[in-house]
Amino acid sequence: MSHEEKIKGAVRVKLTNYLTQHKLRKTPERYTILEKIYSLNAHLTVDELFNALEQDTYHVSRATIYNTLELLVDAGLVHRHNFAGHRSKYERVTGIANHHHLICTQCGKVREIKDNSINNILAAQHYGKFLAQYADFHIYGLCARCQKKTKTKTITTSEEQS
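Let's talk about the overall build of the protein
Okay, step 1: On a plain count of helices and strands, the protein comes out with 6 helices and 5 strands.
Okay, step 2: Order of helices (α) and strands (β) in the protein, N terminus to C terminus: α-α-α-α-β-β-β-β-α-β-α.
Okay, step 3: The buried share of the protein, taken over its 162 residues, is 31%.
Okay, step 4: For the protein, the accessible area works out to roughly 10600 Å², and carbon and sulfur atoms hold 52% of it.

Examining the pattern of salt bridges
Okay, step 1: The tally for this structure, following the rule as stated, stands at 5 salt bridges.
Okay, step 2: Salt-bridge contacts for Asp56 lead to Lys36; the nearest nitrogen and oxygen are separated by 2.4 Å. Residue Asp56 is found in the loop between α3 (46-55) and α4 (62-74), and its partner Lys36 is found in helix α2 (residues 28-40); the two are separated by 20 residues along the sequence.
Okay, step 3: According to the relative accessible area criterion, Asp56 is partly exposed, its value standing at 43%.
Okay, step 4: Owing to a relative accessible area of 13%, Lys36 belongs among the buried residues under this scheme.

Description of the nonpolar core
Okay, step 1: Leu15, Ile37, Leu49, Ile65, Leu72 and Leu77 are the most contacted members of the largest nonpolar core, which has 25 residues in total.
Okay, step 2: For Leu77, the contacting residues outside a window of four places in its chain are Val11, Lys14, Leu15, Leu34, Tyr38, Leu72, Glu91, Arg92 and Val93.

Some words on α2
Okay, step 1: Between the first and last C-alpha of α2 there are 18 Å, a value that for 13 residues agrees with the 18 Å anticipated at 1.5 Å per step.
Okay, step 2: When we look at burial in α2, the residues that qualify are Arg30, Tyr31, Ile33, Leu34, Lys36, Ile37 and Tyr38.
Okay, step 3: Buried residues belonging to α2 abut α1 (3-21), α3, α4, β1 (78-81) and β2 (89-92).
Okay, step 4: Note on α2: the residue one or two positions beyond its end, Asn41, has a positive phi of about 50°.

A few points about the pairing of strand β4 (residues 110-113)
Okay, step 1: As defined by bridge partners, strand β3 (residues 100-104) adjoins β4 across 4 bridges and the pair is classed as antiparallel. In the sheet register, Leu102 faces β4, and the bridge partner there is Arg111.
Okay, step 2: Where β3 hands over to β4, the hairpin turn is made up of 5 residues, of which Gly108 adopts a positive phi near 85°.

Thoughts on the sheet that holds β4
Okay, step 1: The strand order β4-β3-β5 describes an open sheet built from 3 strands, whose pairing is mixed. Looking at strand neighbours, the two that pair on one side only are β4 and β5 (138-141), the edges of this open sheet. Strand-to-strand twist of the sheet, defined as the mean angle between neighbouring strand axes without regard to direction, takes the value 25°.

Conventions used here
Residues numbered from 1 in each chain as written. Predicted model: local features only at pLDDT ≥ 70, side-chain atom pairs only at ≥ 80, totals over all residues. Heavy atoms only, no water. Helix = DSSP H or I, 4+ residues; strand = E, 2+ residues; numbered from the N terminus. Buried < 20%, exposed > 50% of the residue type's maximum accessible area, 1.4 Å probe, protein only. Areas by Shrake-Rupley, 256 points an atom, 1.4 Å probe, with all protein chains shown as cover. Salt bridge = Lys/Arg side-chain N within 4 Å of Asp/Glu carboxyl O. Core = buried A, V, L, I, M, F, W, Y, C linked by side-chain atoms within 4.5 Å. Contact = heavy atoms within 4.5 Å. Expected span 1.5 Å × (residues − 1). Pairing = 2+ DSSP bridges. Axes fitted to C-alpha atoms, helices over the stretch in contact; angles between N-to-C directions.

Below, the structure written as structure tokens:
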């Protein structure tokens, strides 16, 4: 059994335990949505997840996806990110290394980075009796594509004014 299969099995068990504990139904839609999130290993909006499921010919409403995502956040299986006023994006929790996010303020593209110097600083922090479980560090700016667009637009505008 591969590492990814073990992770998927563990999160299915965690979801089952959460649903049992909260006396919620164990629907195939919930498990399928969880499986898709963990197989894509990306930052997904509700629409992106909907399209990925449709591509697999699995039909589920956006409302079901949204409600399931909220349940998965509550269960600690998925993180919800709100990057720079863009729509919420969701990513899996289990099986990913500690990472941080570079967010383009123009197009909303998100790139993950691993930076040991940031991790070391965070690990050295002590907050009294508070036990930090994870940190979510966001760096906002312009991605290379948007920088190029901005540069091209500036050159075009200055040429027009000449």
